[in-house]
Amino acid sequence: MPSPEWQKSSYSAAHDDCVEVRTVDGLVELRESDDGEVIVRTTPAKFAKFLLGVKAGEFDGYADFGA
């Protein structure tokens, strides 16, 4: 779903402390909503592999689920 508009997770509700994502010129861009000047760019294939890792729980040790 290519879009120049930033999309944030429904889990963040109305808060401004979330990660936003969009696609531009064939790349996936990510940023933190409260620090929009820092943008990470990657390919759709690498982003898909990252999402698979997230869904599998590979990065749970870095998360603060109490926040």
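That block above? That's the structure.
Now for a look at the structure at hand. Every value quoted in this text rests on a predicted model; they were computed, and no experiment measured them.

## Brief notes about a negative patch on the surface
So, step 1. On the surface, Asp17, Glu32, Asp34, Asp35 and Glu37 cluster together to form a negatively charged patch.
So, step 2. Among the structural elements, aspartate 34 can be located in the loop between strand E3 (27-32) and strand E4 (35-42).
So, step 3. Classification of aspartate 34 by relative accessible area gives exposed; the value is 53%.

## So, helix H1 (residues 44-55)
Because each turn of an α-helix spans 3.6 residues, side chains separated by three or four positions in sequence point in the same direction.
So, step 1. Over its twelve residues, H1 extends 16 Å from the first C-alpha to the last, a length consistent with the 16 Å expected when each residue adds 1.5 Å.
So, step 2. Positive backbone phi, approximately 85°, marks glycine 57, located one or two places after H1.

## Regarding the sheet that holds strand E2 (residues 19-24)
So, step 1. Spatially, the four strands line up as an open sheet ordered E1-E2-E3-E4, and their pairing is antiparallel. The open sheet has two free edges, formed respectively by strand E1 (7-8) and E4, since each of these has just one partner strand.
So, step 2. Pairing between E1 and E2: two bridges, direction antiparallel. Bridge pairing in E2 links lysine 8 to glutamate 20.

## Looking at the pairing of E4
So, step 1. As judged from the five bridges shared by E3 and E4, these two strands associate in the antiparallel manner. Bridge pairing links glutamate 29 to arginine 41 in E4.
So, step 2. Linking E3 back to E4 in an antiparallel pair, the connection comprises two residues.

Here is what the cut-offs are and how they apply
- Residues numbered from 1 in each chain as written.
- Predicted model: local features only at pLDDT ≥ 70, side-chain atom pairs only at ≥ 80, totals over all residues.
- Heavy atoms only, no water.
- Patch = residues over 30% accessible without salt bridge, like charges linked within 9 Å, V, L, I, M, F, W, Y side chains within 5 Å.
- Areas by Shrake-Rupley, 256 points an atom, 1.4 Å probe, with all protein chains shown as cover.
- Salt bridge = Lys/Arg side-chain N within 4 Å of Asp/Glu carboxyl O.
- Lys, Arg positive; Asp, Glu negative; His and termini not counted.
- Charge placed at Lys NZ, Arg CZ, Asp CG, Glu CD.
- Helix = DSSP H or I, 4+ residues; strand = E, 2+ residues; numbered from the N terminus.
- Buried < 20%, exposed > 50% of the residue type's maximum accessible area, 1.4 Å probe, protein only.
- Expected span 1.5 Å × (residues − 1).
- Pairing = 2+ DSSP bridges.

Structural measurements only, silent on function.
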